[in-house]
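These are the residues of each chain, in order.
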Amino acid sequence: MPIIGYSINRIFVDTKSRSSDYKMMDPHVHNHYELFYLSKGSCTFLMRSLSYNLVPGSVIIIPPNTPHIIHYTSRQQSVRTSILFREPDVSFSNLNFISDMLKDGKHKLILQIPPMYQVHVEQLIRNMEAEQRFNDSKISPVMLSLCLIQLIVIINRFSTGIDTTLMDELHTTNRQVNLAATYINRNYNQRISLSDIADASGFSPNYLSRKFKEDTGIGVHEYLTYVRLNKAAIELAHTDHTVTEVALNNGFSDSNYFKDAFHKAYGMSPRDYRKKDKNINLEDSLDINDAPLASIPIETDL
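Residues numbered from 1 in each chain as written. Predicted model: local features only at pLDDT ≥ 70, side-chain atom pairs only at ≥ 80, totals over all residues. Heavy atoms only, no water.

### Quick word on the overall build of the chain
If you tally the helices and strands in the chain, you get eleven helices and eleven strands. Residues classed as buried in the chain amount to 46% of the 302 residues present. The long-range fraction of contacts in the chain, counting pairs at least 24 apart against all pairs at least 6 apart in sequence, stands at 73%. Per element, the accessible surface of the chain, about 16,000 Å² overall, is 50% carbon and sulfur. (Helix = DSSP H or I, 4+ residues; strand = E, 2+ residues; numbered from the N terminus. Buried < 20%, exposed > 50% of the residue type's maximum accessible area, 1.4 Å probe, protein only. Contact = heavy atoms within 4.5 Å. Areas by Shrake-Rupley, 256 points an atom, 1.4 Å probe, with all protein chains shown as cover.)

This is how it looks when you write it as structure tokens:
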């Protein structure tokens, strides 16, 4: 049974360190939104019967009344921030896109912030924590709303969407199949074989191939290639690494095979994909270093 959370009447910000020993035994649900941001470590986030592997810079916006559960997987301490808010907290004139974003629960609520913008996200979070401690009953709620709106704007503008289509296809309650998928997500950049994946799952290679396809609708090798291509696309968009370097960094031993597989999946070459992404950024982005941040005093012990 899910744990029913409490109601809120304003924005709350909560940052905590979690070790892999921390266990959330049951899912919980609440009647407000939650913006979950991971700044360090890694975790597996389960929501709507789907599993997402989060890394530093990952953002999930959890809609009201949506059961979710988190398992921290990093050997080192993970650091997460939860920002709890209601739709009225971010409802201002000329900002209808925020309401649209919150209501588009399929494709826009699971995002990845590129490393170059994570520092600005984390600065805004520190600003919000400082304002929360200041706790001026007349001003703080407004200041928190302004900071949260700015945070959502930055996330919306600079984040990379995570394609959830394949995750829908991987909806399965089979523990061994999930173990295989988790092993792939953690080791996609290594030279791994079907036998390696099968060992991690506890199945024989032949049985895993059959069961994985049966439960998910996609083959083991096909899923491995998809994960590698998805990671490669992010690296192409946010680094200057050569196409060959991107291929090798994401588990492809043959750059020509990588180019062919990428073109088949994305409808364009890796070079054209990078050019397209840069053109979009040039047209749509704001130099964030020149963007004014909310004037909130930062305490020295933050």
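### A closer look at a nonpolar patch on the surface
Taken together, the side chains of Phe92, Val142 and Leu146 define a hydrophobic patch exposed on the protein surface, amounting to about 250 Å² of accessible area. Among the structural elements, Leu146 can be located in helix 3 (residues 140-158). With relative accessibility at 40%, the residue Leu146 sits in the partly exposed group. (Patch = residues over 30% accessible without salt bridge, like charges linked within 9 Å, V, L, I, M, F, W, Y side chains within 5 Å. Salt bridge = Lys/Arg side-chain N within 4 Å of Asp/Glu carboxyl O.)

### Observations regarding the packing of aromatic side chains
Here the distance between the centres and the angle between the planes together describe a pair of aromatic rings. Across all of its chains, the model carries ten aromatic pairs by this definition. Judged by centre distance (6.1 Å) and plane angle (45°), the rings of Phe252 and Tyr257 are tilted. An aromatic cluster of three or more residues is present, and its members are Phe252, Tyr257, Phe258, Phe262 and Tyr273. The ring centre of Phe12 lies 5.3 Å from the NZ or CZ of Arg10, which sits over that ring. Above the plane of the ring of Tyr22 lies Arg18, whose end atom (NZ or CZ) is 3.8 Å from the centre. (Phe/Tyr/Trp six-rings, centres within 6.5 Å; stacked < 30°, edge-to-face > 60°. Lys NZ or Arg CZ within 6 Å of the ring centre and 35° of its normal.)

### Topic: the confidence of the model for the chain
Regions with low pLDDT should not have their predicted coordinates read in detail. Here the chain averages 79 in pLDDT, and 76% of its residues register 70 or above. Taking the mean pLDDT of every element in the chain, the minimum, 42, falls on helix 4 (residues 165-169) and the maximum, 96, on strand 2 (residues 12-18). Segment residues 163-169: pLDDT under 50, and 17 contacts once partners within four positions in sequence are set aside and those in other chains are kept. Low pLDDT, under 50, characterises residues 280-302; the stretch is placed with 36 contacts to residues that sit more than four places away or in other chains. (pLDDT = per-residue confidence, 0-100.)

### Quick look at the packing of helix 5 (residues 175-187) against helix 6 (residues 194-201)
Pairs of packed helices are described in terms of their axes, by the angle between the two and the distance that separates them. Helix 6 packs onto helix 5 with a crossing angle of 130° between their chain directions and a minimal axis gap of 8 Å. Relative to helix 6, helix 5 is oriented oblique. For helix 5 against helix 6, the interelement crossing comes out right-handed. Every residue of helix 6 that contacts helix 5 at Gln176, Leu179, Ala180, Tyr183 and Ile184 is listed here: Asp196, Ile197, Ala200 and Ser201. When its residues are assigned to classes, the contact of helix 5 with helix 6 shows six nonpolar, two polar and one charged. (Axes fitted to C-alpha atoms, helices over the stretch in contact; angles between N-to-C directions. Parallel < 35°, antiparallel > 145°, perpendicular 65-115°, else oblique. Left-handed = near helix turned anticlockwise from the far one by under 90°. Nonpolar A, V, L, I, M, F, W, Y, C, P; charged D, E, K, R; others polar.)

### Observations regarding helix 5
An ideal rise of 1.5 Å per residue puts 18 Å on 13 residues; helix 5 measures up with 18 Å between its terminal C-alpha atoms. When helix 5 is considered as a whole, its buried residues turn out to be Val177, Ala180, Ala181 and Ile184. Projected onto a plane normal to the axis of helix 5, the buried residues spread over an arc of 95° and lie on a single side. Seen from the buried face of helix 5, the exposed residues on the opposite side, beyond 90 degrees, are Arg175 and Arg186. (Expected span 1.5 Å × (residues − 1). Arc of directions from axis to C-beta.)

### Digging into the packing of helix 5 against helix 8 (residues 220-238)
Direction vectors running N to C along helix 5 and helix 8 enclose 35°, while the axes themselves pass 10 Å from each other. Relative to helix 8, the crossing made by helix 5 is right-handed. Counting all contacts with helix 5, which are made through Ala181, Ile184 and Asn185, the residues of helix 8 involved are Val220, Tyr223, Leu224 and Val227. When its residues are assigned to classes, the contact of helix 5 with helix 8 shows six nonpolar, one polar and no charged.

### Digging into the nonpolar core
Counting residues in each nonpolar core, the largest one holds 26 residues, and the members touching the most others are Ile11, Leu35, Val59, Ile83, Met128, Leu148 and Leu151. Elements that contribute at least two residues to this core include exactly strand 4 (33-40), strand 7 (58-62), strand 9 (78-85), helix 2 (115-134) and helix 3. Ranked by residue count, the leading element in this core is helix 3, at nine residues. Beyond its immediate chain neighbours, meaning those up to four positions away, Ile11 contacts Ile83, Leu84, Phe85, Asp89, Met128, Gln132, Leu144, Ser145 and Leu148. Counting residues in hydrophobic clusters, the runner-up holds 16 residues, among them Ile184, Ile197, Phe203 and Leu208. (Core = buried A, V, L, I, M, F, W, Y, C linked by side-chain atoms within 4.5 Å.)

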